[in-house]
Amino acid sequence: MHKKYTWRTAEKTIYPIKKAPSIATLPTQTFITISGSGNPNSDAFGRKIAALYAVSYAIRMAPKKGIHFPGSFEYTVYTLEGFWTLPENYHSNELDKNQLVYQIMIKQPNFITPAVFDQALNLAKPKIDSELFSQLSLETKQEKTVGMILHVGSFDDEPASFAKLAQFLDEQGYKRTSKAHKEIYLSDFRKVIEDKRKTILRVSMTKK
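A. Just a positive patch on the surface, in detail. A cluster of like positive charges, contributed by Arg8, Lys19, Lys164 and Lys198, occupies part of the molecular surface. Turning to its location among the elements, Lys164 is positioned in helix H4 (residues 158-171).

B. Representation of the environment of Thr113 within the structure. Its place among the elements puts Thr113 in the loop between strand E4 (101-108) and helix H3 (114-124). In the structure, Thr113 is positioned 26 residues away from Glu139 in sequence and 10.0 Å away in space, judged by C-alpha atoms.

C. Here's a closer look at the packing of aromatic side chains. Evaluation of the coordinates by the stated rule reveals 14 aromatic pairs. Considering the side-chain rings of Trp7 and Tyr15, the 4.9 Å spacing of their centres and the 65° angle between planes classify their relative orientation as edge-to-face. A single burial state applies to Trp7 and to Tyr15, both of which are buried. The interplanar angle of 75° and the centroid separation of 5.0 Å between the aromatic rings of Tyr185 and Phe189 together place this pair among those described as edge-to-face.

D. Looking closely at the pattern of salt bridges. Summed over the entire model, instances satisfying the criterion amount to 11 salt bridges. Asp188 is the partner of Arg190 in a salt bridge, and the nearest nitrogen-oxygen pair spans 3.0 Å. Of the residues examined, Arg190 reaches a relative accessible area of 47% and is grouped as partly exposed. Judged by its relative accessible area of 26%, Asp188 falls in the partly exposed class. Each member of the salt-bridge network shares a partner with another, and the members are Glu81, Glu143, Lys182 and Arg202.

E. Geometry of the nonpolar core. Within the largest apolar cluster, 47 residues are counted, with the highest numbers of intra-cluster contacts made by Leu52, Val55, Ile59, Leu80, Ile104, Ile128 and Leu136. If you list the elements that add at least two residues to this core, you get strand E2 (29-37), helix H2 (43-60), strand E3 (80-85), E4, H3, strand E6 (145-152) and strand E8 (181-185). Per-element tally for this core: the top contributor is H2, with nine residues. What Ile128 contacts, discounting residues up to four positions off in sequence, is Ala51, Ala54, Val55, Leu121, Phe133 and Leu136.

What counts and what doesn't
Residues numbered from 1 in each chain as written. Predicted model: local features only at pLDDT ≥ 70, side-chain atom pairs only at ≥ 80, totals over all residues. Heavy atoms only, no water. Patch = residues over 30% accessible without salt bridge, like charges linked within 9 Å, V, L, I, M, F, W, Y side chains within 5 Å. Areas by Shrake-Rupley, 256 points an atom, 1.4 Å probe, with all protein chains shown as cover. Salt bridge = Lys/Arg side-chain N within 4 Å of Asp/Glu carboxyl O. Lys, Arg positive; Asp, Glu negative; His and termini not counted. Charge placed at Lys NZ, Arg CZ, Asp CG, Glu CD. Helix = DSSP H or I, 4+ residues; strand = E, 2+ residues; numbered from the N terminus. Phe/Tyr/Trp six-rings, centres within 6.5 Å; stacked < 30°, edge-to-face > 60°. Buried < 20%, exposed > 50% of the residue type's maximum accessible area, 1.4 Å probe, protein only. Core = buried A, V, L, I, M, F, W, Y, C linked by side-chain atoms within 4.5 Å. Contact = heavy atoms within 4.5 Å.

Here it is, written out as structure tokens:
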């Protein structure tokens, strides 16, 4: 019998939980994704999160329905992640959350194929808003070498953590390649109070 795969312990390089900044070269990873724009505090954003989890848990719980995907194994469902940016013509120094552009996602184990994804979509269909069904995708991503830092607290306080990460990268001979960044939500921000939230901030970078 295979031991349950737990990403929090097996993938510490990809999901570091120490407060010190780090650099990692990431492997190719597969995600269920959905894109959008606007304020992440909106109900629309919450429905997109729910759709991602509905499909992810349909895959995870399939064996309980007698469905066994080739190569599948028992595992812990991955956490929510999101790429965030702003429109190219956005020049304000103040952040208007209504202008945010995002792609949110949940990583999947390596046995997830397009066929598995399609089957899981149909299993989860009753739990997904009809207008979101066709917006869900299975994507393979290669983020390459990235810089990361664990941020604890409110999302509004992230600039201080980004500044620490920037200083670290500069000292290591790197610079960011984009204002866009990724957030990995180790805490469920729908349930955890602001000052206890743990979020990994991740940026793309290159040698100076």
